[in-house]
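Residue strings, one per chain:
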Amino acid sequence: MDVSFLLNPLNDAQREAVTLPEDVHALVLAGAGSGKTRVLTHRIGWLIEGCGVQPWNILAVTFTNKAAGEMRARAAALIGPRAQSVTLGTFHGIAYQLLRQHWREAGLIENFQVIDADDQKRLVKRLLRELELDEAQWPVRQAVSFINGQKEEGRRAAHIDPGHDPYLETMLRIYRAYEEQCARGGLVDFAELLLRAHELWLKQPAVLAHYQQRFRHLLVDEFQDTNTLQYAWLRVLAGGTGRLFVVGDDDQSIYGWRGARVEHIQRFTEDFADVRVVRLEQNYRSTGTILKAANTLIAHNSGRLGKNLWTAGEAGEPIEVYRAFNELEEADFVCRQVEHWLEEGGSRDEIAVLYRSNAQSRLLEQALLRHRIPYRVYGGLRFYERAEIKDVLAYLRLLVNRNDDASFERVLNNPPRGIGARTQEQIRRHARQHGLSLWQAARQLVENGLSARARGAVSGFLALIDELERACAELPLAQQLIEVIARSGLQAQLEKDRSEQAQSKLENLNELISAAEQFRPEPEDEDVPLLTAFLNRAALEAGEHQADAHTPCVQLMTLHAAKGLEFPLVMMVGMEEGLFPTQSAIDDPVKLEEERRLAYVGITRAQKKLVMSWCEKRRWQGRELYPMPSRFLSELPPECVKEVRLGGRTAAERDFSGVSGGFSGRSDFDPVKMGETPLFAIGQRVRHAKFGEGIVIALEGSGEQTRVQVHFDQGGSKWLLAAMAPLEAL
Ligand code: ATP
Ligand code: MG
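Moving on to the site of ligand 1. Near ligand 1, the surroundings consist of 19 residues, among which Lys36, Thr37, Gln252, Glu566 and Arg605 are the closest. Between ligand 1 and Thr37 there is a distance of 2.8 Å, counted from an oxygen atom to a side-chain nitrogen or oxygen. Between Arg605 and ligand 1, the recorded distance is 2.7 Å, taken from a side-chain N or O atom to an oxygen atom. In isolation ligand 1 has 640 Å² of accessible area, and contact with the protein removes 86% of it. With 3 residues, the single largest contributor to the shell around ligand 1 is helix α3 (residues 36-51). Partitioning the shell around ligand 1 into residue classes produces 4 nonpolar, 9 polar and 6 charged. Composition of the shell around ligand 1 by domain shows at least three residues from each of domain 1 (4-101 + 195-282) and domain 3 (319-382 + 546-644).

Pairing is parallel in the open sheet, where 6 strands are placed in the order β3-β2-β6-β7-β1-β8. Strand pairing shows two members of the sheet lacking a second neighbour, β3 (87-90) and β8 (275-280), which therefore form its edges. When the angles between neighbouring strand axes are averaged without regard to direction, this sheet yields 15°. Against the sheet, helix α11 (residues 228-238) contacts β2 (58-62), β6 (217-220) and β7 (243-248), and its axis sits at roughly 160° relative to β6.

Under the criterion given, the structure shown has 52 salt bridges. Across the pair Asp391 and Arg410 runs a salt bridge whose closest N-O atoms are separated by 2.7 Å. With Asp391 in helix α16 (residues 387-400) and Arg410 in helix α17 (residues 405-411), the pair connects residues that are 19 residues apart, well separated along the chain. There is no split in this pair, since Asp391 and Arg410 are both buried. Because the salt bridges share partners, they merge into one network encompassing Lys151, Arg156, Glu179, Asp189, Glu192, Arg196, Glu199 and Lys203.

All chains considered together, the criterion is met by 17 aromatic pairs. Judged by centre distance (6.3 Å) and plane angle (85°), the ring pair of Phe146 and Tyr175 falls under edge-to-face. Of this pair, Phe146 sits in helix α7 (residues 140-152) while Tyr175 sits in helix α8 (residues 166-185), and the two are 29 residues apart along the sequence. Of the two residues, Phe146 and Tyr175, neither departs from the other in class, the shared state being buried. The structure contains a cluster of three or more aromatic residues connected by ring pairs, namely Phe91, Trp201, Tyr211, Phe215 and Trp233. A cation over an aromatic ring shows up here: Arg100 above the ring of Phe112, its NZ or CZ 4.4 Å from the ring centre. The side chain of Arg402 reaches across the aromatic face of Trp439, ending 5.0 Å from its centre.

With that settled, the discussion passes to helix α26 (residues 589-603). Along its 15 residues, α26 runs 21 Å from first to last C-alpha, staying within 8% of the 21 Å computed at 1.5 Å per residue. Burial analysis of α26 places 12 of its 15 residues in the buried class, which makes it a mostly covered element. When α26 is considered as a whole, its buried residues turn out to be Leu592, Glu593, Glu594, Glu595, Arg596, Arg597, Leu598, Ala599, Tyr600, Val601, Gly602 and Ile603. Next to the buried residues of α26 lie α13 (288-298), β10 (351-355), β13 (567-572), α25 (583-586), β14 (606-615) and α27 (631-634). Of the residues that open α26, the one with a side-chain oxygen 3.0 Å from the backbone nitrogen of Val590 is Asp588.

Between its first and last C-alpha atoms helix α20 (residues 452-472) spans 30 Å; for 21 residues at 1.5 Å apiece the expected length is 30 Å, and the two agree. Of all the residues in α20, the buried ones are Ala454, Ala457, Val458, Phe461, Leu462, Leu464, Ile465, Asp466, Leu468 and Cys472. Of the surrounding elements, those touching the buried residues of α20 are α16, α17, α18 (421-434), α19 (438-447) and α21 (477-487).

So, how was this worked out
Residues numbered from 1 in each chain as written. Chains lettered and ligands numbered in written order. Predicted model: local features only at pLDDT ≥ 70, side-chain atom pairs only at ≥ 80, totals over all residues. Heavy atoms only, no water. Near = heavy atom within 4 Å. Polar contact = N/O pair within 3.5 Å; in protein donor to acceptor, adjacent residues only side chain to side chain. Areas by Shrake-Rupley, 256 points an atom, 1.4 Å probe, with all protein chains shown as cover. Helix = DSSP H or I, 4+ residues; strand = E, 2+ residues; numbered from the N terminus. Nonpolar A, V, L, I, M, F, W, Y, C, P; charged D, E, K, R; others polar. Domains from an automatic or database assignment. Pairing = 2+ DSSP bridges. Axes fitted to C-alpha atoms, helices over the stretch in contact; angles between N-to-C directions. Contact = heavy atoms within 4.5 Å. Salt bridge = Lys/Arg side-chain N within 4 Å of Asp/Glu carboxyl O. Buried < 20%, exposed > 50% of the residue type's maximum accessible area, 1.4 Å probe, protein only. Phe/Tyr/Trp six-rings, centres within 6.5 Å; stacked < 30°, edge-to-face > 60°. Lys NZ or Arg CZ within 6 Å of the ring centre and 35° of its normal. Expected span 1.5 Å × (residues − 1).

Below, the structure written as structure tokens:
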């Protein structure tokens, strides 16, 4: 069999990696754009074509569904339809597939529901109320990240001994209540998918043996971002027979905050015998200038494994840095760059706009809309996370599972049907006291316990759901959605409201109906009702839904979501201290290095041209800031950078290293004594000279007049003038 088509498009080091013997473990350690993902894909081809491995003996893990789709397409282009029999997906997707098939062995109900981060937050919020914990003292976010953190380390509530630590005791109470709640409702969050899948290995040796027998080759992309549980899951699955082929880059480890452990790269060579390590050094993606900038920036980090990256390509254009007047002007600048790129003959899908925080997308979206530039958002304000979509999905979930409390709570009075806060609280209390789901509690209270008015409203709601279920029973999926959107009253509510926002929500609902029309269940979903399969896919693929795959679009995404991707033109916006690096990273060297790796990831996405921008003034989370340019700008080699400034409509370029420019010479970048306006954000911890530590719960005013409301740990809250009060950010 001639396999030259697999090996010719590779350089020597890549070929060495691809053709390593079948029976060794391998680690490909290399910088951005050096062909790691290409090597992994060709390795799949090589195993099948060159070694006669059956495709179903191969499991390949990628980091996002988008990456999995791309790898599948690349593999299919190489080896044809046999690529379809390779198991290829994200850790979460693969775990879901496993649990679907082995729900009984995994201790789940057959129709278990996957819940996303937002559902999870709601659920925890409700539990806090039930446990009578004050949210100001026990923030939802903190509890959620405790639960997820424990799960990612493989620990259930029963495994944790709180000792006499009151903090831990409370967290455990929440965790335990959460576990009960999920078990009762058949709910599975993202971390739970992995934990269950791992426990499946540990508790069901027969199942494990079956999969060990089946998956002889385990390939993992972006290995630097596996968390403890994922790594353990892989190790157990590999057992004594499976062979691992992992590729990664320690400089691109950006999920430490979510439990990823870059140390797995180092441990890998110790945990497995006979690991072959291959390094790739030639970058094929970016121009010399972009690569040099990336290398120089990342050299500011310590404790790297160290790599040499070079390119045979041309130097290309300098990196453009734009200093915008404010965030509106920045968004406008982005649009003009897009237009310029198109005028020069480029296309929209060659462009990515990357930002640190999801919330930044809204203004960019607005500007793009105004300029009539089609765009698509990956991550962030994801399609399936939009409120109107979640409302419909919650109705659908209730149809499938009445005991889904999160959904019940979401739609009980949405659209408003006269079920007030007091009645809702009464239902909650009754559920709590009798260990019932909210649905069951409402049922009982309708019989006995509610006031006449409330009874009418609640029983109307219960009847609506039962009625919807009956009406939908025989309908095709899309028709079910139409029915639910209409009869729930959601549609009428939006139609009544003539605002543009309501209009776009209606458009989103229509888009959801098309998604249902196009929905085809995966083989592992064959035995569950179509609606359940649809809902679970919606949760799993949140954010990776594409409005219309055929229109070329400018792509908007967070820096995190951009990992592994590449674009001819990349724009990184909001390059400001406090935003990127984030405020909390500025004083934390560990976090700061992770931010720098994130900057490295961003820069190395660019193939031909890289543009960065920052704002002199930014309205951010309700406050007016005068940020400094990001330190990452000053860490770029000056000779690779050109500062551009648009005066009015015409671009007047200035030499970046000129007198008034230069990010290290501060004179010009210090318009309003930035250092003296403390950067407070809601949720931030602060210390007051007299009142001690607390948490910022509200902000108002701007500049010198900014007032912050702080809830102090010792109790009580106070409004303080930010500029005057002896208050420091922690
Ligand atoms: P990242 O670290 O960002 O995930 P990577 O190491 O996975 O990057 P790839 O995405 O596999 O890199 O490759 C980067 C680009 O270089 C791709 O466009 C790929 O097709 C191209 N490329 C890789 N190897 C070669 C090669 N030997 N010849 C030509 N092009 C190559
Ligand atoms: Mg890659």
